[in-house]
Amino acid sequence: MKKIILTGDRPTGKLHAGHYVGSLKRRVELQNSGEYDDIYIMIADAQALTDNADNPEKVRKNISEVALDYLSCGLNPEKVNLFIQSYVSELTELTFYYSNLVTVSRLKRNPTVKSEISLRGFNSSIPVGFFTYPISQAADITAFKATTVPVGEDQLPMIEQAREIVRSFNTTYDEVLVEPKALLPDNEICSRLPGTDGKAKMSKSLGNCIYLSDEPDDIRKKIMSMFTDPEHIRIEDPGKLEGNTVFTYLDAFCKDELFAEYLPEYSCLQELKDHYTRGGLGDVKVKKFLYSVLMEELSPIQARRKEWEKDVPAVMEILREGSKKAKEVAAETLQEVKQAMKIDYFA
Ligand code: TRP
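In this report, the structure presented in the accompanying data block is examined. If you're wondering where the values come from, they're calculated on a predicted model, not measured in any experiment.

Now for the overall build of the protein. Across its full length, the protein carries 16 helices and five strands. Relative to the compact-globule value of 20 Å for 347 residues, the protein shows a C-alpha radius of gyration of 22 Å, a close match. By its C-alpha atoms, the protein is 80 × 45 × 40 Å across when sized along the principal axes. By the burial criterion, 51% of the 347 residues in the protein qualify as buried. Partitioning the intrachain contacts of the protein with sequence separation of at least 6 by distance along the chain shows that 75% fall at a separation of at least 24. As displayed, the protein offers around 16,800 Å² of accessible surface, 52% of which is attributable to carbon and sulfur atoms. Taken together, the 45 basic and 54 acidic charged side chains of the protein have centroids lying 3 Å from each other.

So, about empty space enclosed by the protein. Throughout the structure, instances matching the rule amount to one cavity of 30 Å³ or more. Within this model, the largest cavity holds a volume of roughly 40 Å³. Forming the boundary of the largest cavity are Gly22, Ser23, Arg26, Arg27, Pro150, Val151, Gly152, Leu183 and Pro185. Sorting elements by how many residues they give to the lining of the largest cavity places helix α1 (residues 17–33) first, with four residues.

Turning our attention to the pairing of strand β3 (residues 81–84). Side chains Asn81 and Phe83 project from β3 onto one buried face, and the interleaved Leu82 and Ile84 project onto a second face that is buried too. As paired elements, strand β2 (residues 38–43) and β3 share four bridges and run parallel to each other. For Ile41, the partnering residue across the bridge sits in β3 and is Leu82.

Once that is clear, we can look at the packing of helix α8 (residues 133–143) against helix α9 (residues 156–172). Angle between the axes and distance between the axes are the two parameters that describe a pair of packed helices. Interaxial distance between α8 and α9 falls to 9 Å at its minimum, and their mutual angle equals 70°. Between α8 and α9, the crossing angle belongs to the class labelled roughly perpendicular. Along the contact surface, α8 presents Tyr133, Pro134, Ile135, Gln137, Ala138, Ile141 and Thr142, while α9 presents Met158, Ile159, Gln161, Ala162, Ile165 and Val166. For the contact of α8 with α9, the class distribution of residues is ten nonpolar, three polar and no charged.

Moving on to the state of the cysteines. Applying the stated criterion across every chain, the model contains zero disulfides. Of all cysteine sulfurs in the structure, the one in Cys268 sits closest to Cys254, which takes part in no disulfide; the separation is 9.1 Å.

Another point: the site of the ligand. Close contacts around the ligand come from 14 residues, with Met42, Gln47, Gln137, Asp140 and Gln155 the closest. Separating an oxygen atom of the ligand from a side-chain N or O atom of Arg10 is a distance of 3.3 Å. Gln47 has a polar side-chain atom sitting 2.8 Å from a nitrogen atom of the ligand. A total of 370 Å² of accessible area belongs to the ligand in isolation, and the protein chains cover 90% of it. Going through the elements one at a time, β1 (4–9) and α8 are the ones with two or more residues in the shell around the ligand. With four residues, β1 is the single largest residue contributor to the shell around the ligand.

Our focus in this paragraph is the layout of surface pockets. Sizing a probe to match a water molecule and rolling it over the atoms shows the empty space that remains. Within this model, the second largest pocket holds a volume of roughly 270 Å³. In this structure, the second largest pocket is lined by 14 residues; those nearest its centre are Asp45, Arg60, Ile63, Ile84 and Met316. Residues of the lining of the second largest pocket, tallied by class, amount to nine nonpolar, two polar and three charged.

On to unusual backbone geometry, then. Here Lys145, not a glycine, exhibits a phi torsion of approximately 50°, which is positive. For Lys145, the position within the fold is in the loop between α8 and β4 (148–150). Its identity as a non-glycine residue notwithstanding, Lys342 has a phi of 60°, on the positive side. If you trace the backbone, Lys342 turns up in the segment after α16 (312–340). Exposure remark for Lys342: the relative accessible area of 66% places this residue in the exposed category.

Calculation criteria
Residues numbered from 1 in each chain as written. Predicted model: local features only at pLDDT ≥ 70, side-chain atom pairs only at ≥ 80, totals over all residues. Heavy atoms only, no water. Helix = DSSP H or I, 4+ residues; strand = E, 2+ residues; numbered from the N terminus. Rg over C-alpha atoms; globule rule 2.2 N^0.38 Å. Buried < 20%, exposed > 50% of the residue type's maximum accessible area, 1.4 Å probe, protein only. Contact = heavy atoms within 4.5 Å. Areas by Shrake-Rupley, 256 points an atom, 1.4 Å probe, with all protein chains shown as cover. Lys, Arg positive; Asp, Glu negative; His and termini not counted. Charge placed at Lys NZ, Arg CZ, Asp CG, Glu CD. 1 Å grid on protein atoms, 1.4 Å probe; cavity = no way out; pocket = protein on both sides within 12 Å on 5 of 7 lines; lining within 4 Å. Points joined across faces, edges and corners; volume = space filled by probe spheres on them. Pairing = 2+ DSSP bridges. Axes fitted to C-alpha atoms, helices over the stretch in contact; angles between N-to-C directions. Parallel < 35°, antiparallel > 145°, perpendicular 65-115°, else oblique. Nonpolar A, V, L, I, M, F, W, Y, C, P; charged D, E, K, R; others polar. Disulfide = S-S within 2.5 Å. Near = heavy atom within 4 Å. Polar contact = N/O pair within 3.5 Å; in protein donor to acceptor, adjacent residues only side chain to side chain.

Treat this as a map of the structure, not an account of what it does.
Given below as structure tokens:
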């Protein structure tokens, strides 16, 4: 059986360092592994509209932003198919048919939907489109017969729901759809990079993000005001690592080779941590090191972004091409689905 990846992001903002360690970096590795027959990366504008119906401008503006972030991180349009969800109208048709296989009570129990409903304050006024987005996400995945869906932990209930839809479809009609598996980030820090304020997660609404496209000077400022150990007041004080955002980021980004260049008094991260917990190491020094470490990773990304930014029409053309190809593949699946459902009258 072919190995096929599908994943995506809602275009509601620029991508940040949390997206990078949590998914983008992995996608580039998967792309370069050569292990997959096809890789689809989708900009989920239709899904973004399920809770931004009154703000289409925001979604539109972020299509090219997210595409620029993808390309600058090293996703290569020769190897992966980058496309826009709404262009593939077959996904909407599939969603409609799948919705007959899902109950309202099952959707209500979906933990991701549940927590997002309270997060967005929808309570009793939940848009139907938002409520049913797990079904649309199952359509995204199955339209491409994806076997593998790289996502963060918060998306696991979505994949589970997609698997149920596949099983239900295949037993009710015919063996057409493929059951996908989630592929989680391989280390825990990377799956949940905290915000610069130490809060659970980077999130635009909390204003605690380091964006991939932030100017180096802004990144420096954000790092310098990062949350550390509030009880580590004087340099001599012993410091705590737990909940110390600067060290969490170092865990996510630091490679021991970088010490030789940027902080030669230490040979590895463990040595730096030991000194910090013993006392005698100031936050500013660690923060400056973190800045160097982060920029080591982000500079090439930013340089590529500057290049692509000069030619946004070329970026849009990549999306157009990718969307056309994605549409062809989804149309084939839709045809099989209709045949299995006995609604292919003129075939
Ligand atoms: N729900 C995902 C997010 O919030 C985006 C998404 C839409 C997606 N469709 C998908 C992810 C299909 C994986 C597979 O970012």
